[in-house]
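Coordinates in review
The residues making up each chain are set out below.
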Amino acid sequence: MNEEPSKTYVVFRSALFSFAWPKEGPDLAPPWGKDCAAFVKERLRAFDEVTSINGPHQDESAWTLDVILGGERYELHVHWALIGEPPVDCWVIQVYPVMGLIGWLFRRPLQHFSKLLKNVFQTLETTEGISDVQWMNFEEFSNVY
């Protein structure tokens, strides 16, 4: 059985995306990162394996992209966060598989999960203006977030 990757959180720095507060709207503005999520979406479209990519749509604390790769569904949660000590402005992408009840019950291996992570890695590593790319597992991310 294929093992799922453990490092599914990527943290990076970039001034390419806006930290500007919205000029209109309620006091609780949407989370920063819509432009970052749109950038990731456009870059992932270049990969032949990506069948479909929708979003970004706003969640409670992130902008979510819905990705279908080789018939498997994934969500990418893109958001800003203060990371480390002292805290530094960073962008975060969290990659999650989306499985139905049968998938969770029988823990079918995800054939394309590693491919999606490689595509995200390639997108970040080949873009000028993105630096300090660090992949983390849940525990590592929790320790710095």
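This text goes with the structure placed above it.
All values reported here derive from a predicted model rather than from experimental measurement.

This brings us to the sheet that holds strand 3 (residues 63-69). If you walk across this open sheet you meet the six strands as 2-3-4-5-1-6, and the pairing is antiparallel. Each edge of the sheet is formed by a strand with only one pairing partner; in this case those strands are strand 2 (50-58) and strand 6 (130-136). Between one strand and the next, the sheet's axes are offset by a mean angle of 20°, whatever the strand orientation. Of the strand pairs in this sheet, strand 1 (residues 9-14) and strand 6 are connected by five bridges, and their pairing is antiparallel. Residue pairing across strands places Ser-14 opposite Ile-130, the latter belonging to strand 6. Packing against the sheet, helix 1 (residues 34-44) makes contact with strand 1, strand 2, strand 3, strand 4 (72-83), strand 5 (88-98) and strand 6, and its axis sits at approximately 175° to strand 2.

Here the amide bond leading from Gly-55 into Pro-56 is cis, since omega sits at 5°, within 30 degrees of zero. Here Pro-56 is to be found in strand 2. Omega for the peptide link from Glu-85 to Pro-86 comes to 0°, which places this bond in the cis form. Along the chain, Pro-86 falls in the loop between strand 4 and strand 5. Residues other than glycine seldom take positive phi values, yet Asp-132 does so here, at roughly 55°. Mapped onto the fold, Asp-132 is located in strand 6.

Bringing the pairing of strand 3 into the picture now. Across the seven residues of strand 3, six count as buried, placing the element largely inside the fold. Bridge count for strand 2 against strand 3 is six bridges, and the pairing is antiparallel. Residue His-57 lies in a different strand from strand 3, and its bridge partner there is Thr-64. The hairpin turn running from strand 2 into strand 3, its antiparallel successor, is four residues long. Of the strand pairs in this sheet, strand 3 and strand 4 are connected by seven bridges, and their pairing is antiparallel. Looking at the pairing, Leu-69 lines up with Glu-72 of strand 4. Where strand 3 hands over to strand 4, the hairpin turn is made up of two residues, of which Gly-70 adopts a positive phi near 55°.

Analysis parameters
- Residues numbered from 1 in each chain as written.
- Predicted model: local features only at pLDDT ≥ 70, side-chain atom pairs only at ≥ 80, totals over all residues.
- Heavy atoms only, no water.
- Pairing = 2+ DSSP bridges.
- Helix = DSSP H or I, 4+ residues; strand = E, 2+ residues; numbered from the N terminus.
- Axes fitted to C-alpha atoms, helices over the stretch in contact; angles between N-to-C directions.
- Contact = heavy atoms within 4.5 Å.
- Buried < 20%, exposed > 50% of the residue type's maximum accessible area, 1.4 Å probe, protein only.

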